[in-house]
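Next come the chains, spelled out residue by residue.
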Protein chains: 2
Amino acid sequence: MAAPAHFVFDAGDHGEWAVERVIDVIGEGLPMAARLSMGPAAAVTARAVWCLRGFTSNIRYATGIELGQLAAATPPLGRPASTRAALIPIRKSDAWWALGQDERRAIMEERSGHVSRSLRHLPAVARKLFHSRDLGEPFDFLTWFEYPPDYADAFEGLVADLRASEEWRYVDREVDVRLARAG
Amino acid sequence: MAAPAHFVFDAGDHGEWAVERVIDVIGEGLPMAARLSMGPAAAVTARAVWCLRGFTSNIRYATGIELGQLAAATPPLGRPASTRAALIPIRKSDAWWALGQDERRAIMEERSGHVSRSLRHLPAVARKLFHSRDLGEPFDFLTWFEYPPDYADAFEGLVADLRASEEWRYVDREVDVRLARAG
């Protein structure tokens, strides 16, 4: 289990990812920018259009069995063929955060299939979750996905399935930033 | 569900709590200091002997039923008769953090009774949990307890029971700071 690491997503005029579109899905959106960089939290620039911070952490919902399945199937970030990416920041409602751990788990997995649906898209999609809520950030989670261009339609299917799930009734802000690896 | 709040425990020569003893329970200890203050994270002073940071967050293990029991019985901090306090920073092992959520819950509650044991000491003991691991701090959790002097023996019973539990086999650093309200 790696130690927590703090990252920043910095949207502006530089970075290895070209922003293709910024879709305001639920609630207040984010402005368009030309480029996006992701890196250690110290790397924020003053000229950012927006920047979002988050940290990797221990698993909060997956069981030991699911962890084993995820570990076996999860690819690394940075594969050369995965030239498309999505950064999807979400915030969940106060009602979500007031639920017990068992209730959140039941909604997320037993009734919404968050882990099992995601597993079906591995290893085509590489995914990394960053926690933001505890930093007082505007979103609770930042999820970063990388996939090859020919997997784009299948990836839209995953995103649509999750948005139609019971879990997503507790999402009160969501932005979907799509990117292509630059140069 | 209150938004996360960042706090700092600042041990040095000022603060509303007089440090009575610092007990190195497991692993590397912390030095003695005269006073301890707790407050919002911005309040750290340069002259601290040590300072530990943490944040309040959503519940990570309790069920909805347990949350209801805790909410009904949990007293506020700052009661005038509760002139004794304990600050118990702990760190858990990599083996703990590599477990699935279900496995950590089973060890913590089903086999160690962390919540049910604690409930039996409410409302005599007021308790607040701060998360530190995700900040890269030397401990994973800081737990703060306040209780009246005539409850001290019963409080020692709670601490001893938890230290004898299966959950504590995963604790690889623990310090126990005992305090009395000053002035």
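Residues numbered from 1 in each chain as written. Chains lettered and ligands numbered in written order. Predicted model: local features only at pLDDT ≥ 70, side-chain atom pairs only at ≥ 80, totals over all residues. Heavy atoms only, no water.

**Q** Give a description of the confidence of the model for chain A that names residues and reports values.
**A** In the predicted model, chain A carries a mean pLDDT of 94, and 96% of its residues have values of at least 70. On the interface metric, ipTM, the complex scores 0.88, and its pTM is 0.92. (pLDDT = per-residue confidence, 0-100.)

**Q** Just give me the short version of the pattern of salt bridges, but keep the residues and values in it.
**A** All names here are of chain A. A full pass over the atoms with the stated rule returns 25 salt bridges over all chains. R163 is the salt-bridge partner of D176, the closest N and O atoms lying 2.9 Å from each other. Taken as a pair, D176 in strand β8 (residues 171-181) and R163 in helix α5 (residues 152-163) lie far apart in primary sequence, 13 residues in all. Among the residues examined, D176 registers a relative accessible area of 1% and is labelled buried. Judged by its relative accessible area of 29%, R163 falls in the partly exposed class. Taken together, the shared-partner salt bridges connect E156, R163, E174, D176 and R178 into one network. (Salt bridge = Lys/Arg side-chain N within 4 Å of Asp/Glu carboxyl O. Helix = DSSP H or I, 4+ residues; strand = E, 2+ residues; numbered from the N terminus. Buried < 20%, exposed > 50% of the residue type's maximum accessible area, 1.4 Å probe, protein only.)

**Q** Account for the interface of chain A and chain B, naming residues and giving values.
**A** Taken together, the contact pairs 28 residues of chain A with 28 residues of chain B. R60 of chain B is the salt-bridge partner of D134 of chain A, the closest N and O atoms lying 3.2 Å from each other. On the surface where chain A and chain B come into contact, there are twelve residue pairs in polar contact (both at pLDDT 80 or more). At the level of secondary structure, the elements contributing two or more residues to the side of chain A that touches chain B comprise α1 (64-73), α2 (94-97) and α3 (101-110) of chain A. Ranked by the residues each element gives to the side of chain A that touches chain B, the list is headed by α3 of chain A, at four residues. Residues belonging to the side of chain A that touches chain B are distributed by class as follows: 13 nonpolar, eight polar and seven charged. (Contact = heavy atoms within 4.5 Å. Polar contact = N/O pair within 3.5 Å; in protein donor to acceptor, adjacent residues only side chain to side chain. Nonpolar A, V, L, I, M, F, W, Y, C, P; charged D, E, K, R; others polar.)

**Q** An account of the packing of aromatic side chains is needed here, citing residue identities and associated values.
**A** Enumeration over the complete set of coordinates arrives at 16 aromatic pairs over all chains. Summarising the aromatic geometry, the rings of F9 of chain B and W144 of chain B are spaced 5.6 Å apart at their centres and angled 35° between planes, so their arrangement reads as tilted. One end of the pair, F9 of chain B, is in strand β1 (residues 6-12); the other, W144 of chain B, is in strand β7 (residues 141-147), and 135 residues separate them in sequence. Look at F9 of chain B and you get buried, because its relative accessible area is 0%. Under the relative-accessibility criterion, W144 of chain B is labelled buried at 0%. With centroids separated by 4.4 Å and ring planes inclined at 20°, the aromatic side chains of Y147 of chain B and F155 of chain B adopt a geometry described as stacked. On the basis of relative accessibility, which here comes to 4%, the residue Y147 of chain B falls in the buried class. Assessed through its relative accessible area of 0%, F155 of chain B is described here as buried. Members of the aromatic cluster, each reached through a chain of ring pairs, are F7, F9, W17, F130 and W144 of chain A. (Phe/Tyr/Trp six-rings, centres within 6.5 Å; stacked < 30°, edge-to-face > 60°.)

**Q** Explain the relation of the copies chain A and chain B to me, using residue names and the numbers behind them.
**A** Note that the two copies of the chain are related through a rotation about an axis and a translation along the same axis. If you rotate chain A by 180° and push it 0.0 Å along the axis, it lands on chain B with an RMSD of 0.0 Å. One copy is carried onto the other by what is essentially a two-fold rotation axis. Minimal C-alpha distance to the rotation axis in chain A is attained by R60 of chain A, lying at 3.7 Å. Comparing contact sets, 100% of the residues at the interface of chain A also lie at the interface in chain B, consistent with an isologous, same-surface contact. (Least-squares fit on C-alpha atoms with pLDDT ≥ 70 in both.)

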